[in-house]
Amino acid sequence: MSQSSSQVVLITGCSSGFGLLTAARLAAKGYAVVATMRDLRKEGNLASEVNRRGGAVEVLQLDVTDKLSVARAVEHIRMSHGRIDVLVNNAGYGIGGFFEDLTDEEIRAQMETNFFGVQNVTRAVIPLMRQCRSGKIINISSVAGFSTSPAFSAYNASKWALEAFSESLRYELQFFGIDVLLIEPGTYKTRIFYENAQYAQNFDNPQSPYFVWSQHLRKRVLAYVNDCHKDPEEIGIMVEKLIRAKNPPFRNIPDIESQMLSWLRRVLPFRIYSAMIRMFFMEGFSRSRPGEADHNPMRSERNSSMPAQVR
Ligand SMILES: NC(=O)c1ccc[n+]([C@@H]2O[C@H](COP(=O)([O-])OP(=O)(O)OC[C@H]3O[C@@H](n4cnc5c(N)ncnc54)[C@H](OP(=O)(O)O)[C@@H]3O)[C@@H](O)[C@H]2O)c1
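Described in the following lines is the structure provided in the data block. (Residues numbered from 1 in each chain as written. Predicted model: local features only at pLDDT ≥ 70, side-chain atom pairs only at ≥ 80, totals over all residues.)

1. Some remarks on the site of the ligand
And step 1. Neighbouring the ligand are 31 residues, the closest being Gly 13, Gly 17, Ala 91, Gly 92 and Thr 190.
And step 2. When contributions to the shell around the ligand are tallied by element, the ones reaching two or more residues are helix H1 (17-28) and helix H4 (104-132).
And step 3. The biggest single contributor to the shell around the ligand is H1, with 3 residues.
And step 4. In terms of residue class, the shell around the ligand is made up of 9 nonpolar, 16 polar and 6 charged. (Near = placed C-beta within 6 Å. Helix = DSSP H or I, 4+ residues; strand = E, 2+ residues; numbered from the N terminus. Nonpolar A, V, L, I, M, F, W, Y, C, P; charged D, E, K, R; others polar.)

Now the structure itself:
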């Protein structure tokens, strides 16, 4: 067993988006990055980014829902580095769809990745951190982890569960010198909204009582995301800052959109906050119910520049 001189950072979901950029950034800064992904055929984009910036990453296969692949990857790191200093639980996706349009299986699958997946990796890594009596576990939550929106109840539930788990785990692990931290980003234009976007089985079913509403919301969210020019590298910058910090805060928000919603959520009475959310998402549907013939989703198009709180 060899020992790394630089801090060893394990990151999940590095085939694209935040995971890829964070891995490439930390590698260029000299960290010993173990970038994991469930499908190694997708390694190319990460390899080019690392080449472009300099540094090196070790790429391992890891599907957060597959405990065997988690155990294999962590054992490999134990053998080659002897420790894990930082775990970034980043892998995740969001399923869009109204509760009645979602199947039980779709909701469970969402929880399997975004919530139980984080637990699978965390459970495998903690013993190594405990032995060293140090470590940081950085969980990528979302603005959707403290605020909700229609048509994303499964995603919201997975991120709220992640927040509660992280907060409780933080108390448990502090005695071993291990810190648990959250990052709660707002909207960033990544594959989560495009190639990796998932929708409920009945999302596009014209027979669904939510059909018109679903179509309207998808257009609205995509228009907002297409217009979003924040740099997803901000998540990597924040991860690096948290790794370097001596006493980092528990909740960390990289962007103004999510910071604003977090503040409004705390200061406004819920009645007013939820009216604001309803206005963003449901304007045009408020006086009639989805499925009723007389409502006109296009009436709310004028609000398409409002923050889509669906991430
Ligand atoms: N983009 C945003 O606006 C935003 C905002 C707040 C929070 N987030 C959170 O940020 C994280 C990263 O998202 P992103 O925006 O970077 O999206 P992304 O580009 O779609 O990246 C998601 C990554 O997760 C991986 N993944 C999905 N299921 C997995 C599994 N079972 N095992 C291992 N890897 C898996 C994907 O791998 P494949 O390529 O194999 O699918 C991909 O590498 C997610 O947790 C997301 O909820 C994103």
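2. Here's the deal with helix H8 (residues 256-267)
And step 1. Between its first and last C-alpha atoms H8 spans 16 Å; for 12 residues at 1.5 Å apiece the expected length is 16 Å, and the two agree.
And step 2. Among all positions in H8, only Glu 257, Ser 258 and Leu 261 are buried. Buried residues of H8, viewed axially, fall in a sector of 90 degrees; they line one side. Of the exposed residues in H8, the ones pointing more than 90 degrees away from its buried face are Ile 256, Trp 263, Arg 266 and Val 267. (Expected span 1.5 Å × (residues − 1). Buried ≥ 20, exposed ≤ 12 C-beta atoms within 10 Å, placed from the backbone. Arc of directions from axis to C-beta.)

3. Structural notes on the packing of H1 against helix H2 (residues 43-53)
And step 1. Orientation of H1 relative to H2, taken along the N-to-C sense of each, is 30 degrees, at an axis distance of 9 Å. Relative to H2, the element H1 lies roughly parallel. In the crossing of H1 with H2, the sense of the turn from one axis to the other is right-handed. When H1 is examined against H2, the residues Leu 20, Ala 23, Ala 24, Ala 27 and Ala 28 are found in contact with a partner set consisting of Asn 45, Leu 46, Glu 49, Val 50 and Arg 53.
And step 2. Classifying every residue of the contact of H1 with H2 gives 7 nonpolar, 1 polar and 2 charged. (Axes fitted to C-alpha atoms, helices over the stretch in contact; angles between N-to-C directions. Parallel < 35°, antiparallel > 145°, perpendicular 65-115°, else oblique. Left-handed = near helix turned anticlockwise from the far one by under 90°. Contact = placed C-beta atoms within 7 Å.)

4. A closer look at helix H3 (residues 67-81)
And step 1. Helix length check: H3 (15 residues) gives 21 Å between terminal C-alpha atoms against 21 Å at 1.5 Å per residue, within 8%.
And step 2. Those residues of H3 that sit buried are Val 70, Ala 73, Val 74, Ile 77 and His 81. With its buried residues spanning 95 degrees around the axis, H3 presents them on a single face. Facing away from the buried side of H3 by more than 90 degrees, the exposed set consists of Leu 68, Glu 75 and Met 79.
And step 3. Residues of H3 that are buried sit in contact with strand E1 (8-11), strand E2 (32-37), strand E3 (57-61) and H4.

5. Describing the packing of H1 against helix H7 (residues 233-244)
And step 1. The contact between H1 and H7 brings their axes to 8 Å, and the two run at 50 degrees. The angle between H1 and H7 falls in the class oblique. Crossing angle aside, the handedness with which H1 passes H7 is right-handed. Listed contacts from H7 to Phe 18, Leu 21, Thr 22, Arg 25 and Leu 26 of H1 are Glu 233, Ile 235, Gly 236, Val 239 and Glu 240.
And step 2. Each residue belonging to the contact of H1 with H7 can be placed in one class, and the counts come to 5 nonpolar, 2 polar and 3 charged.

6. Section: the sheet that holds strand E9 (residues 251-252)
And step 1. Ordered in space as E3-E2-E1-E4-E6-E7-E9, the 7 strands form an open sheet in which the pairing is parallel. On the outer flanks of this sheet lie E3 and E9, each paired with one strand and no other.
And step 2. Bridge count for E1 against strand E4 (residues 86-89) is 3 bridges, and the pairing is parallel. Residue pairing across strands places Leu 10 opposite Leu 87, the latter belonging to E4. (Pairing = 2+ DSSP bridges.)

7. Here we look at the environment of Phe 146
And step 1. Note on placement: Phe 146 falls in the loop between strand E6 (135-140) and helix H5 (153-173).
And step 2. Here Phe 146 falls in the buried class, since 20 other C-beta atoms lie within 10 Å of it.
And step 3. Separated by 13 residues in the primary sequence, Phe 146 and Lys 159 have C-alpha atoms spaced 8.0 Å apart.
And step 4. If near-sequence neighbours (up to four positions away) are discounted, Phe 146 is found in contact with Glu 163, Glu 184, Ser 262 and Arg 265.

8. Focus on the pairing of E6
And step 1. For E6, the tally of buried residues reaches 6 of 6 residues, placing the bulk of the element in the interior.
And step 2. Here E6 shows two buried faces, one formed by Gly 135, Ile 137 and Asn 139 and the other by Lys 136, Ile 138 and Ile 140.
And step 3. Where E4 and E6 come together, 4 bridges link them in parallel fashion. Bridge pairing links Asn 89 to Asn 139 in E6.
And step 4. Across 6 bridges, E6 lies against strand E7 (residues 178-183) in parallel orientation. Opposite Ile 140, over in E7, you have Ile 183 as the bridge partner.
And step 5. Regarding the hand of the β-α-β motif, the stretch spanning E6, H5 and E7 is right-handed. (Right-handed = clockwise from strand over helix to strand, strands pointing away.)

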